[in-house]
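Each chain, letter by letter, is given below.
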Amino acid sequence: MARKTRRLPAHRGPAAWSEVLGAQPAALPALSENRTADLVIIGGGIAGLSAARRFLQLEPDAAVVLLEAGRLAEGAAGRNSGFMIDLPHDLASDDYAGGGNDRAVIALNRHAISFAREAVAEYLIDPSFFEEAGKVNGAASTAAETTAQGYARHLEALGETVEHMDAQAMTELTGSTYYRSGLYTPGTVLVQPAGYVRGFAAGLGSQMALHEKSAVTALGRAGPDWTVQTDAASVTSPRVIMATNGHLESFGYARGRLIHLFLFASMTEPLQPGALAGAPIWGVTPADPMGTTVRRIDGRQGGDRIVVRSAAVLRSDMTVRPEDLSAAANAHRDKFNARFPELTDTAMAYSWAGQLCLSRNGVSVMRELDPGLFSACVQNGLGLTKGTLTGIGAAELAAGATSEVTRALSAEKRPKLLPPQPFRDLVGNAILRRKERQAAAE
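My aim in this report is to walk through the structure given alongside it, one point at a time. (Residues numbered from 1 in each chain as written. Predicted model: local features only at pLDDT ≥ 70, side-chain atom pairs only at ≥ 80, totals over all residues. Heavy atoms only, no water.)

Glancing now at the overall build of the chain. Within the chain, the regular secondary structure consists of ten helices and 22 strands. Taking 22 Å as the expected radius of gyration for a compact globule of 442 residues, we find that the chain reaches 21 Å, a close match to that expectation. Projected onto its principal axes, the C-alpha positions of the chain cover 65 × 40 × 40 Å. Classification of the 442 residues of the chain by burial places 58% in the buried group. Sequence-distant contacts, at least 24 apart, represent 77% of the contacts inside the chain between residues at least 6 apart. Put simply, the chain shows about 17200 Å² of open surface, and 53% of that area lies on carbon and sulfur atoms. Averaging the positions of the 44 positive and the 45 negative side-chain charges in the chain gives two centres separated by 7 Å. (Helix = DSSP H or I, 4+ residues; strand = E, 2+ residues; numbered from the N terminus. Rg over C-alpha atoms; globule rule 2.2 N^0.38 Å. Buried < 20%, exposed > 50% of the residue type's maximum accessible area, 1.4 Å probe, protein only. Contact = heavy atoms within 4.5 Å. Areas by Shrake-Rupley, 256 points an atom, 1.4 Å probe, with all protein chains shown as cover. Lys, Arg positive; Asp, Glu negative; His and termini not counted. Charge placed at Lys NZ, Arg CZ, Asp CG, Glu CD.)

Below, the structure written as structure tokens:
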């Protein structure tokens, strides 16, 4: 019996990372006629593209079809803040520290970064879309400095390189006097997510069939095979990978177990030449996970602009309200003005919402859900790194291969059940507001 899709992706605000690169090429053709394949991938984000590349490495002659509901680089993959992080980065913690298996997590994250680095080289993706610049945990208050120093000790105990930056060093980097201190770690990649996705898809285009504007409306068994249905046509295949992150639940899997969180970001218009000192490219994540992420990009990534990301809302119906985005955009204006008072006349050109999917116990869903149906979902707020990993793992499972990725992710427990609605969203949002107030300076 076919499972009908309960919800299709819906986005609030423009796909700014794509817009600053200029117009996309003409849309790839939508699926318009029934066909068969060796593998169908649902979702053309980081997980779906990574799954396609890994599967074709293992089965280079396979017929692979990827179905993307909208335009590539304009969905969730093109709406994140572009940090591909190698170190533990647990958003549910007080200081990002992981849960005791951090060395294994770091090894897996670096495997994902290596895989992405190889894709950049293989597909001739503009290297400026994959800047191996590292990142800084910035602290603006005494409490945040204490948190950051605890995180630094944790990383140093793991043998990781951490550079302690004082207020002057932070000003020299960011051009802002706002930060009291920072922790620089070198392993993070600052990605232009839309450019990366566009280039990745273009590189795969000669090896497989990619269809845009081909939302999957139903999924069901057809004898030993699966039939993946869109409004216009279907694909029949013995193997399917669902690379839909939180929309795994829209297909009826992991219901009541997934946290659908939205984070918001705004991006300025291009800065006037010489308006801001500091380095041309940098990324600052807050010492407190509920604080504000700030990033500067340059002309190669879409113009000399500042990106501000903060504010979170829990929406279990996966639908952002207009007032959610409006409130977040106002908060971004205030956060920007506090950090760059000399730039208060700089307009915000774009504001948008980005959808995250987390589990209560911090696990992904990378496993065989039903015979021949594999999941590369639930990235826990680390879409670039965990999306790459879950895509790799699902492709390997589909091809019958095993690796450290499949062994590690397959061994994770199921996501824990969540409290029922409306209690879940009411209490969850109350907790988010309290944590944001506590981290207001950050």
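Right, picking up where we left off after that structure.
A few words on the sheet that holds strand β12 (residues 216-222). Spatially, β1-β12-β13-β14-β2 is the arrangement adopted by the five strands of the open sheet, whose pairing is mixed. Looking at which strands have only one partner, the edges of the open sheet turn out to be β1 (3-4) and β2 (35-36). (Pairing = 2+ DSSP bridges.)

Remark: the centre distance and the inter-plane angle together describe each pair of aromatic rings, the angle taken between the planes. Considering all chains together, one arrives at five aromatic pairs under this definition. Seen from their ring centres, Tyr196 and Phe200 are 5.6 Å apart, and the 85° between their planes marks the pair as edge-to-face. Linking Tyr196 with Phe200, this pair stays in helix α6 (residues 193-204), spanning four residues, or about one helical turn. Ring centres of Phe336 and Phe340 lie 5.2 Å apart, and the angle between their planes is 45°; on these two criteria the pair is classed as tilted. Neither Phe336 nor Phe340 differs from the other in exposure class; each is buried. Residue placement shows Arg3 over the ring face of Tyr253; its charged tip is 4.0 Å from the ring centre. The ring centre of Phe115 lies 4.6 Å from the NZ or CZ of Arg53, which sits over that ring. (Phe/Tyr/Trp six-rings, centres within 6.5 Å; stacked < 30°, edge-to-face > 60°. Lys NZ or Arg CZ within 6 Å of the ring centre and 35° of its normal.)

End to end, helix α10 (residues 423-438) covers 23 Å across 16 residues, agreeing with the expected 22 Å (1.5 Å per residue, within 8%). Arg424, Asp425, Gly428, Asn429, Leu432 and Glu436 are the residues of α10 that are buried. One face of α10 carries all of its buried residues, which in axial projection span an arc of 105°. Exposed side chains of α10 directed beyond 90 degrees from the buried face belong to Leu426, Arg437 and Gln438. The elements touched by buried residues of α10 are β16 (258-268) and β19 (305-314). (Expected span 1.5 Å × (residues − 1). Arc of directions from axis to C-beta.)

Residues Ile41, Phe130, Tyr196, Phe200, Ile241 and Met267 are the most contacted members of the largest nonpolar core, which totals 59 residues. In contact with Phe130, not counting residues within four places along its chain, are Met84, Ile113, Ala116, Arg117, Val120, Val189, Leu190, Val191 and Tyr196. (Core = buried A, V, L, I, M, F, W, Y, C linked by side-chain atoms within 4.5 Å.)

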